[in-house]
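Report on the structure
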Amino acid sequence: MSFYQANLKKRQNGGRRTWPDIFIAKPCDGYAGLFIEFKRDGTRIKKRDGSYVSDHIAGQVKLLSLLEDQGYLVVFAVGFDEARWVINSYLGSG
């Protein structure tokens, strides 16, 4: 994400940098919708000891957990192929 895109997203989300990258507003399989946090190929979410690799990711997990408690399906998608699989699986075409 470019500097401009990051600033625009930050302003749109009330300054919350942890807000997920995409929301699919289609209820499906008992979920109210799907939130996805995209990560680049090769990105690690957790360390070997089970802790998160950064405070930023820990904050994202906290927000995703709150959204999950509200009835949404929430996921990290690492890389394009995983993101495509998550979306296709949720929408029922994969």
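The rules we used
- Residues numbered from 1 in each chain as written.
- Predicted model: local features only at pLDDT ≥ 70, side-chain atom pairs only at ≥ 80, totals over all residues.
- Heavy atoms only, no water.
- Helix = DSSP H or I, 4+ residues; strand = E, 2+ residues; numbered from the N terminus.
- Buried < 20%, exposed > 50% of the residue type's maximum accessible area, 1.4 Å probe, protein only.
- Pairing = 2+ DSSP bridges.
- Axes fitted to C-alpha atoms, helices over the stretch in contact; angles between N-to-C directions.
- Phe/Tyr/Trp six-rings, centres within 6.5 Å; stacked < 30°, edge-to-face > 60°.

Glancing now at unusual backbone geometry. Residue Asp29 is not a glycine yet carries a positive backbone phi of 50°. In this fold, Asp29 is placed in the loop between strand S1 (22-24) and strand S2 (34-39). You can call Asp29 exposed: its relative accessible area is 70%.

For the rest of this paragraph, the subject is the side chain of Glu37. Relative to the helices and strands, Glu37 is located in strand S2. A residue is classified by how much of its surface remains accessible, and Glu37, at 4% relative accessible area, is buried.

Moving on, we come to the sheet that holds strand S3 (residues 73-78). Pairing in this open sheet of three strands is mixed, and the strands run S1-S2-S3 from one edge to the other. Edge positions in the sheet fall to S1 and S3, since each of these pairs with one other strand and no more. Each strand of the sheet is rotated relative to its neighbour by a mean of 25°, with strand direction disregarded. In the sheet, S1 pairs with S2 via three bridges, with the strands oriented antiparallel.

Applying the stated criterion across every chain yields a total of four aromatic pairs. With 5.8 Å between their ring centres and 85° between their planes, Trp19 and Phe35 make a pair best called edge-to-face. In this pair, Trp19 is assigned in the loop between helix H1 (3-12) and S1 and Phe35 in strand S2, connecting sequence segments 16 residues apart. Classification of Phe35 as buried rests on a relative accessible area of 6%.

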